Amino acid sequence: MLDLFQSLSHALEQFLSAISANFWLSFWFIFAIAAGEAVFILGLFVPSTPVLLLAGGLIAAGKLPFWSIYLAAVLGAVVGDAISYSVGYALKDRIKAIWPFRNYRDEIARGEAFFARHGGKSVFIGRFIPAVKAVVPGIAGMFGMDYRKFSLINITSAFAWAAAHILPGMLLSAWLESVGLDFEAVILVAMLVVIALFLLIHFHRPILLFVAPALGPFGRTLQTRWRGDQTPASRPPSP
């Protein structure tokens, strides 16, 4: 598995290095990655984090221009969220019965709960949470969030999100170079972190129940509460 991640990170680095010689090709690639990750449901399968971290490394190495790549990431994130909002606004609850979205009803339900809990702030917060960011903008459209308010949050969060991915790549690249390490190590760690966050978000209950015995009283409380939630409610007697 480790060899696979190393191969993927090396291939990604080679690809970005190859297209860095062409300004527009690199610009539109970063735009597509940022937009794709924000599109409703599709974003679940687009790994922007390792791509943008590596882009930051190439910027630090002088192979890519900072402002152009940063702007491409911002614009892509804004457009992707706008597409998701439009899809949710147009389809409303019917989206749960339409292919391929009907195959992701659990993700949509989690997005609805997240939006109901945080309101408009969920558009900003959700952009930084794997799996959630591919769903929340569409949920905002489904719930009829005011488009002007959505757009303001969408744009401001896109600037913060792009900076939070590209700048660490630049800093890590400079630090790794100073200690003689390969930047591929950062991409490998980034992929592992993304996978770990995805698993934690989707399988947090079984994971926490597994480690609950080691958590003492808190773990026993979790076991009692969550296992009680999983007990089917008894049906009332037939009249």
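Reference entry: report on the structure contained in this document. (Residues numbered from 1 in each chain as written. Predicted model: local features only at pLDDT ≥ 70, side-chain atom pairs only at ≥ 80, totals over all residues. Heavy atoms only, no water.)

Helix and strand counts for the protein chain come out as 11 helices and 0 strands. When the elements of the protein chain are put in sequence order from the N terminus, they spell out α-α-α-α-α-α-α-α-α-α-α. The proportion of buried residues among the 239 residues of the protein chain is 44%. Contacts in the protein chain between residues at least 24 apart in sequence constitute 72% of all its contacts with a sequence separation of at least 6. Element-wise, carbon and sulfur atoms account for 69% of the exposed surface of the protein chain, whose accessible area totals about 13000 Å². (Helix = DSSP H or I, 4+ residues; strand = E, 2+ residues; numbered from the N terminus. Buried < 20%, exposed > 50% of the residue type's maximum accessible area, 1.4 Å probe, protein only. Contact = heavy atoms within 4.5 Å. Areas by Shrake-Rupley, 256 points an atom, 1.4 Å probe, with all protein chains shown as cover.)

Axis separation between helix H2 (residues 23-38) and helix H4 (residues 66-91) bottoms out at 7 Å; the angle between their running directions is 35°. Pair H2 / H4 crosses with right-handed handedness. Contacts between H2 and H4 involve Phe23, Ser26, Phe27, Ile30, Phe31, Ala34, Ala35 and Ala38 from the former and Ser68, Ile69, Ala72, Ala73, Leu75, Gly76, Ala77, Val79, Gly80, Asp81 and Ser84 from the latter. Each residue belonging to the contact of H2 with H4 can be placed in one class, and the counts come to 13 nonpolar, 5 polar and 1 charged. (Axes fitted to C-alpha atoms, helices over the stretch in contact; angles between N-to-C directions. Left-handed = near helix turned anticlockwise from the far one by under 90°. Nonpolar A, V, L, I, M, F, W, Y, C, P; charged D, E, K, R; others polar.)

Attention now goes to the nonpolar core. Core analysis: the largest hydrophobic core is formed by 26 residues, its most contacted members being Ile30, Ile69, Ala73, Trp161 and Ile166. Taken together, the elements giving at least two residues each to this core come down to helix H1 (2-19), H2, helix H3 (48-60), H4 and helix H8 (147-179). Looking at which element gives the most residues to this core, the answer is H4, with 7 residues. Isoleucine 69 has contacts with Ser26, Phe27, Ile30, Ala55, Ile59, Leu64 and Ile166, leaving out every residue within four places of it along the chain. (Core = buried A, V, L, I, M, F, W, Y, C linked by side-chain atoms within 4.5 Å.)

Now for the packing of H2 against H3. Packed helices, taken two at a time, are described by their axes: the angle between them and the distance between them. Taken N-terminus to C-terminus, the directions of H2 and H3 make an angle of 150°; their axes are 10 Å apart at the nearest point. It follows that H2 is roughly antiparallel to H3 by the angle criterion. Two packed elements cross with a definite hand, and for H2 against H3 that hand is left-handed. Between H2 and H3, the contacting residues are Phe29, Ile30, Ile33 and Glu37 on the first element and Ser48, Val51, Leu52 and Ala55 on the second. Of the residues contributing to the contact of H2 with H3, the split by class is 6 nonpolar, 1 polar and 1 charged. (Parallel < 35°, antiparallel > 145°, perpendicular 65-115°, else oblique.)

Examined against the element boundaries, valine 78 turns out to sit in helix H4. For valine 78, a relative accessible area of 18% puts it in the buried group. A C-alpha to C-alpha distance of 8.6 Å links valine 78 and alanine 34, two positions 44 residues apart in sequence.

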